[in-house]
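Below are the chains, spelled out letter by letter.
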Amino acid sequence: RMGLLAATAGAAAPGIAFNRGVVTRAARLGLPAAALVSIAVFGFVQPALLSLKLSPRLVAAARGAGCADPAMVTLGYREPSLVFLAGTSLRMVESGAAAAAFLAETGCRVAIVDSRFEPAFLAALADPASRRPVARVAGFNINGGRRTDLGVYAAGR
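Cut-offs applied
- Residues numbered from 1 in each chain as written.
- Predicted model: local features only at pLDDT ≥ 70, side-chain atom pairs only at ≥ 80, totals over all residues.
- Heavy atoms only, no water.
- Helix = DSSP H or I, 4+ residues; strand = E, 2+ residues; numbered from the N terminus.
- Rg over C-alpha atoms; globule rule 2.2 N^0.38 Å.
- Buried < 20%, exposed > 50% of the residue type's maximum accessible area, 1.4 Å probe, protein only.
- Contact = heavy atoms within 4.5 Å.
- Pairing = 2+ DSSP bridges.
- Axes fitted to C-alpha atoms, helices over the stretch in contact; angles between N-to-C directions.
- Core = buried A, V, L, I, M, F, W, Y, C linked by side-chain atoms within 4.5 Å.
- Salt bridge = Lys/Arg side-chain N within 4 Å of Asp/Glu carboxyl O.

1. Quick word on the overall build of the chain
And step 1. For the chain, the helix and strand inventory stands at 7 helices and 5 strands.
And step 2. Secondary structure elements of the chain, listed N to C terminal, follow the sequence α-α-α-α-β-α-β-α-β-α-β-β.
And step 3. Against the compact-globule benchmark of 15 Å for 157 residues, the chain has a radius of gyration of 23 Å, which places it well outside the compact range.
And step 4. Along the longest, intermediate and shortest principal axes, the C-alpha atoms of the chain span 75 × 30 × 25 Å.
And step 5. Residues counted as buried form 34% of the 157 residues belonging to the chain.
And step 6. By sequence separation, contacts in the chain at least 24 residues apart represent 55% of the contacts at least 6 residues apart.

So this is what it looks like as structure tokens:
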């Protein structure tokens, strides 16, 4: 909050320069002030933006899929935060067939599949009961710089 207050106070200088008719100085002061305000606002608002917190939501959905500690695989979503939250046993695969094979193994299993890979994943699934996601998690992947839609599929619950 202090950063936001300081940035807002710093933004007053261009306003004062503009009111005094010194437009060029106002512009020179306004650019860094705008950058500081942007950074401060993002830092203040970002913790509340659920759409930026994909990994915690994915792990919560996986753990809520029917057993306390499922084995997990991810296809198309590779974030360090997911490994940190899910644990180092999280498998990362390259194809829909590999994710479907993982889901078919014994025990409680969860597959997190990016929507770009879902057609191949669903085509490779042998068990029709596993074709419906137990959850969908959508948001914005900051590292990838794009909107992301992920299906959470469970088997062996």
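Further notes follow.
2. So, the sheet that holds strand S2 (residues 91-93)
And step 1. Read across the sheet, 5 strands follow the order S2-S1-S3-S5-S4 without closing on themselves; strand pairing throughout is mixed. Only two strands of the sheet have a single partner each, and these edge strands are S2 and strand S4 (135-141). Here the average twist between neighbouring strands, direction ignored, is 25 degrees.
And step 2. Two strands pair when backbone bridges link them, and strand S1 (residues 71-75) and strand S3 (residues 109-114) are joined in this way by 5 bridges, in the parallel orientation. Note on S3: the bridge partner recorded for Met 72 is Val 110.
And step 3. Contacts between helix H4 (residues 54-63) and the sheet are confined to S1, S3, S4 and strand S5 (146-155), with S4 contributing the most and set at about 170 degrees to the helix.

3. Structural notes on the pairing of S3
And step 1. Of all 6 residues making up S3, 6 are buried, and the element is well covered by its neighbours.
And step 2. Judged by which residues are buried, S3 turns out to be covered on both faces: Arg 109, Ala 111 and Val 113 on one side and Val 110, Ile 112 and Asp 114 on the other are all buried.

4. Considerations on the nonpolar core
And step 1. In this structure, Leu 58, Met 72, Tyr 77, Leu 82, Val 110, Ile 112 and Val 152 are the most contacted members of the largest nonpolar core, which totals 18 residues.
And step 2. Of all the elements in the fold, those that place two or more residues in this core are H4, helix H5 (80-86), S3, S4 and S5.
And step 3. Residues Ala 99, Ala 111, Leu 125 and Ala 155 belong to the second largest nonpolar core, which totals 13 residues.

5. Things to note about the pattern of salt bridges
Here the idea is simple: oppositely charged side chains can pair when their charged atoms come close.
And step 1. A complete count under the given rule lists 7 salt bridges for this structure.
And step 2. Among the ionic pairs, Arg 91 bridges to Glu 105, the shortest N-O distance being 3.7 Å. Pair noted here: Arg 91 is in strand S2 and Glu 105 is in the loop between helix H6 (96-104) and S3, with a separation of 14 residues, a long-range link.
And step 3. Relative accessible area serves as the criterion here: at 39%, Arg 91 is assigned to the partly exposed category.
And step 4. Since its relative accessible area comes to 33%, Glu 105 is described here as partly exposed.
And step 5. Measuring nitrogen to oxygen at the nearest pair gives 3.0 Å for the salt bridge that ties Arg 109 to Glu 105.
And step 6. Linked by salt bridges that have partners in common, Arg 91, Glu 105 and Arg 109 make up one network.

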